[in-house]
Number of protein chains: 2
Amino acid sequence: MNLPTFDDVLDAAKQIDGYAVKTPFLKAEDLSEKLDAEIYIKPECLQRVGAFKFRGAFNRLSRLNDDEKKRGVVAYSSGNHAQGVAASAKILGISSVIVMPEDSPKMKLQNTKNYGAEVITYDRENESREKIADKISEERGSVVVPSFEDFYIISGQGTAGLEAVKQAEEAGVKLDLFMTPVGGGGLISGCSLAVKALSPDTEIYGVEPEGFDDVRRSIESGNIEHNPRAGGSICDAILTVHPEPMTHKIMSDNLAGVLTVTDDEALAAMKYAWEKFKLVVEPGASVALAAVLHGKIDVKGKKLCIVLSGGNVDEETFKKALEK
Amino acid sequence: MNLPTFDDVLDAAKQIDGYAVKTPFLKAEDLSEKLDAEIYIKPECLQRVGAFKFRGAFNRLSRLNDDEKKRGVVAYSSGNHAQGVAASAKILGISSVIVMPEDSPKMKLQNTKNYGAEVITYDRENESREKIADKISEERGSVVVPSFEDFYIISGQGTAGLEAVKQAEEAGVKLDLFMTPVGGGGLISGCSLAVKALSPDTEIYGVEPEGFDDVRRSIESGNIEHNPRAGGSICDAILTVHPEPMTHKIMSDNLAGVLTVTDDEALAAMKYAWEKFKLVVEPGASVALAAVLHGKIDVKGKKLCIVLSGGNVDEETFKKALEK
């Protein structure tokens, strides 16, 4: 297993420079005061395609050789990786096919098509997206771009953590805690490589939706554990069924813990981000904020960075959050 | 009339450093592609208190001498200047009284109180906020902090433009156009000092709500013109009845033109910002974006920066925008 290291994150940062947005690192004044802590946010909803996923996808696709580029790419994703791959493919002049659950948020389906991808939908509960993607890959010779279990995807996502720690340093802040949402673990694995290299004492926490705590259980048991369900939470972006060997290994090595929040807590965090940060955050991207807001971790007196990982959310879901 | 200059904007930037947020300068990828232009946004909704107003208010209040600080401040505002003054006063340990229209957005009233200000409401159509503020000032000896017609307020707001032009330069971009919403003209006047000093060929446009085009008419006639009404548009933040001598003079010297948009166009721009930028923008803050989106100015082939000046908006109004 060829695991990425901090050097690979540094290399990814060079690779995506000029294409990805260097998202800001913002002090959450009201939240800091409310919780007697020093809290910063890293809003990846401001990233190209509205989610951190562009970082890894562009890093991966830009490494393809000319022959691979000609054959095109195929990816499966609930929507953010889909957009990341589709947008990167468009920039690089590569054709892309994206396999998406038929219940993906409409915005994600539409945006992926708008970036020029061919979209194929499937039934999240009864079909295997991996099998569909493999079949397309066999038929067309296209390169499969995994949503998290990939050397370049992980190191690409890690650039968000690299930026955050550097921005914290520029602001004279030594982070006690670094928190991100967790689906398959691509984001937090990559970020952990940068955070642990530059700031070894910073504790890293992941946050999952209640009932989808495969990563928490996997780290506890030491084996790759599965979620009983593939759908059923509002946090569509992070409903991965299980971690994979690479992310499982990196997370097991680097995470201080994994917390869980309910859908209602995620919706309330979305409303908080709307009201106080003036940011649009999607359900799955708000779970780390939700954990802090709902006291799942004691942050009193601590300096922490919360990653808001994306903002691709449909109107109906957003209105639900506003009603919280 | 002691008008601020570019040097005063530079001085204001030093004064607010470490207190105000250096807001990002973000490429609007989808909008650029849609309009065949290179479009950047300066999201002042991410500023402290959720609007650019903190810049000027902190610059003004931090210049008060010890005696003035003891006497406290009084300001009148529909809500964003209110929050800027209240938050600055809190940071500096000054007491503040804010005179606000009784129909101000609930969020603005509540936030102003939360920053520790004493809030006094008035009837926008039938009472004079200036008179109420003057009376308080007489009774209590407090210093009146105007919402735009002030040397330090104008130069403070100008730091948004200073940052934008510097950020454009860092990104290798020479702006053809710089656009902001216009109420009393504090923001665009201050910004114009920086933009014209650093990038003299950049054309500066203001945008007002239809029926509240006092600045457009004032520049055309050469006199200070009034709006027939004090309220009645959804763009509460920019319903100033007329410009004042300082802003009128600076705007007359520096603006290439003033455009107008309807309330519906502003709401549609709010939805666009929600969907594409993942930002919460209030009605009055979205008018420059609305002008670009609705073809009020030809931007084809141009490089431009649009200021999104604030994001303090109530749920009901935001839901209206989402339904556009």
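Here goes a summary of the coordinates provided. (Residues numbered from 1 in each chain as written. Chains lettered and ligands numbered in written order. Predicted model: local features only at pLDDT ≥ 70, side-chain atom pairs only at ≥ 80, totals over all residues. Heavy atoms only, no water.)

### Some remarks on the overall build of chain A
Part 1 of the argument: Broken down by element type, chain A carries 14 helices and 10 strands.
Part 2 of the argument: Taking 2.2 N^0.38 as the reference for a compact globule, 324 residues should give roughly 20 Å; the C-alpha atoms of chain A span a radius of gyration of 18 Å, in line with that estimate.
Part 3 of the argument: Taking the principal axes of its C-alpha atoms as reference, chain A extends roughly 55 × 40 × 40 Å.
Part 4 of the argument: The buried share of chain A, reckoned over its 324 residues, is 64%.
Part 5 of the argument: Taking all contacts inside chain A whose residues are at least 6 apart in sequence as the whole, residues at least 24 apart take part in 73%.
Part 6 of the argument: Summed over its atoms, the accessible surface of chain A is roughly 11600 Å², and 44% of this surface lies on carbon and sulfur atoms. (Helix = DSSP H or I, 4+ residues; strand = E, 2+ residues; numbered from the N terminus. Rg over C-alpha atoms; globule rule 2.2 N^0.38 Å. Buried < 20%, exposed > 50% of the residue type's maximum accessible area, 1.4 Å probe, protein only. Contact = heavy atoms within 4.5 Å. Areas by Shrake-Rupley, 256 points an atom, 1.4 Å probe, with all protein chains shown as cover.)

### Things to note about the interface of chain A and chain B
You'll often see interface size given as the accessible area lost when the parts meet.
Part 1 of the argument: Each partner contributes residues to the interface: chain A has 31 residues there, and chain B has 31 residues.
Part 2 of the argument: For the chain A and chain B pair, buried surface summed over both sides reaches about 2500 Å², with 59% attributable to carbon and sulfur atoms.
Part 3 of the argument: Sorting the residues of chain A by area buried against chain B places Trp274(A), Lys278(A) and Glu315(A) first, and these three jointly supply 27% of that buried surface.
Part 4 of the argument: Our count for the contact surface shared by chain A and chain B stands at 8 salt bridges. (Buried area = accessible area lost by both parts, 1.4 Å probe. Salt bridge = Lys/Arg side-chain N within 4 Å of Asp/Glu carboxyl O.)

### Describing the pairing of strand E3 (residues 73-76) of chain B
Residue and element names in this part refer to chain B.
Part 1 of the argument: Residues Val73 and Ala75 point to one face of E3 and Val74 and Tyr76 to the other, with burial holding for every one of them.
Part 2 of the argument: Note that E3 and strand E4 (residues 96-101) share 4 bridges and pair parallel. From the neighbouring strand, Tyr76 faces E4, where its bridge partner is Val99.
Part 3 of the argument: Tracing the backbone out of E3, into helix H5 (residues 80-92) and back to the parallel element E4 gives a crossover that is right-handed.
Part 4 of the argument: In this structure, E3 lies alongside strand E6 (residues 143-144), joined through 2 bridges in parallel fashion. Counterpart to Val74 in the pairing with E6 is Val144. (Pairing = 2+ DSSP bridges. Right-handed = clockwise from strand over helix to strand, strands pointing away.)

### A word on the layout of surface pockets
Part 1 of the argument: In this structure, the largest pocket occupies an estimated 1900 Å³ of space.
Part 2 of the argument: The wall of the largest pocket is formed by 50 residues, among which Lys22(A), Gln167(A), Lys22(B), Pro24(B) and Gln167(B) lie closest to the centre.
Part 3 of the argument: Residues belonging to the lining of the largest pocket are distributed by class as follows: 23 nonpolar, 8 polar and 19 charged. (1 Å grid on protein atoms, 1.4 Å probe; cavity = no way out; pocket = protein on both sides within 12 Å on 5 of 7 lines; lining within 4 Å. Points joined across faces, edges and corners; volume = space filled by probe spheres on them. Nonpolar A, V, L, I, M, F, W, Y, C, P; charged D, E, K, R; others polar.)

### Quick notes on the relation of the copies chain A and chain B
Part 1 of the argument: Mapping chain A onto chain B calls for a screw motion: a turn of 180 degrees about the axis and a shift of 0.0 Å along it, with 0.0 Å RMSD after fitting. In the structure described here, the two chain copies are related by an operation that fits a two-fold rotation axis. Residue Leu279(A) of chain A places its C-alpha closer to the rotation axis than any other residue of that unit, at 2.4 Å.
Part 2 of the argument: A shared interface surface links the copies, since 100% of the contact residues of chain A are contact residues in chain B too. (Least-squares fit on C-alpha atoms with pLDDT ≥ 70 in both.)

### Observations concerning the sheet that holds strand E4 (residues 96-101) of chain A
Part 1 of the argument: What the 4 strands build is an open sheet, ordered E5-E4-E3-E6 (chain A); its pairing is parallel. Unpaired on one side and paired on the other, strand E5 (118-122) and strand E6 (143-144) of chain A mark the two borders of the sheet.

### Details of the packing of helix H12 (residues 263-277) of chain B against helix H14 (residues 315-322) of chain B
All names here are of chain B.
Part 1 of the argument: Their axes nearest at 8 Å, the elements H12 and H14 cross at an angle of 85 degrees. The orientation of H12 with respect to H14, classified from their angle, is roughly perpendicular. Across from Leu267, Met270, Lys271 and Trp274 in H12, the residues of H14 making contact are Thr317, Phe318, Lys320, Ala321 and Leu322.
Part 2 of the argument: In the contact of H12 with H14, the residues fall into 6 nonpolar, 1 polar and 2 charged. (Axes fitted to C-alpha atoms, helices over the stretch in contact; angles between N-to-C directions. Parallel < 35°, antiparallel > 145°, perpendicular 65-115°, else oblique.)

### Brief notes about the packing of helix H1 (residues 6-16) of chain A against helix H3 (residues 53-61) of chain A
When two helices pack together, their arrangement is captured by the angle between the axes and the distance separating the axes.
Residue and element names in this part refer to chain A.
Part 1 of the argument: As a packed pair, H1 and H3 sit with axes 9 Å apart at the nearest point and diverge in direction by 90 degrees. In terms of axis orientation, H1 runs roughly perpendicular to H3. Mapping the contact onto sequence places Ala12, Gln15 and Ile16 in H1 and Arg55, Phe58 and Asn59 in H3.
Part 2 of the argument: Among the residues making up the contact of H1 with H3, the classes are represented as 3 nonpolar, 2 polar and 1 charged.

### A word on H1(A)
Residue and element names in this part refer to chain A.
Part 1 of the argument: Those residues of H1 that sit buried are Asp8, Val9, Ala12 and Ile16. For H1, the arc enclosing every buried residue in end-on projection is 100 degrees, short of the 170-degree limit, so these residues lie on one face. Seen from the buried face of H1, the exposed residues on the opposite side, beyond 90 degrees, are Asp7 and Lys14.
Part 2 of the argument: For H1, the secondary structure elements touched by its buried residues are H3, helix H8 (151-170) and helix H9 (186-198).
Part 3 of the argument: Gly18, located one to two residues past H1, shows a positive phi value of around 90 degrees. (Arc of directions from axis to C-beta.)

### Details of the pairing of strand E2 (residues 38-43) of chain A
Residue and element names in this part refer to chain A.
Part 1 of the argument: Counting buried positions over the 6 residues of E2 gives 5, a clear majority of the element.
Part 2 of the argument: Relative to E2, strand E1 (residues 26-27) runs antiparallel, the two sharing 2 bridges. In the strand pairing of E2, Leu26 is matched with Ile41.
Part 3 of the argument: Pairing of E2 with strand E10 (residues 303-308) involves 6 bridges; the strand directions are parallel. Counterpart to Glu38 in the pairing with E10 is Lys303.

### Brief notes about the packing of aromatic side chains
The geometry of an aromatic ring pair is captured by the separation of the ring centres together with the interplanar angle, meaning the angle of the planes.
Part 1 of the argument: If you walk through the whole model with that rule in mind, you get 13 aromatic pairs over all chains.
Part 2 of the argument: Both rings, one in Phe151(A) and one in Tyr152(A), keep their centres 5.2 Å apart while their planes meet at 80 degrees; by these two values the pair is edge-to-face.
Part 3 of the argument: Assessed through its relative accessible area of 27%, Tyr152(A) is described here as partly exposed.
Part 4 of the argument: With centroids separated by 5.7 Å and ring planes inclined at 80 degrees, the aromatic side chains of Tyr272(A) and Phe277(A) adopt a geometry described as edge-to-face.
Part 5 of the argument: Residue class for Tyr272(A) comes out buried when judged on its relative accessible area of 12%.
Part 6 of the argument: On the accessibility criterion, Phe277(A) (8% relative accessible area) is buried.
Part 7 of the argument: Linked through ring pairs, Trp274(A), Phe318(A), Trp274(B) and Phe318(B) together constitute an aromatic cluster. (Phe/Tyr/Trp six-rings, centres within 6.5 Å; stacked < 30°, edge-to-face > 60°.)

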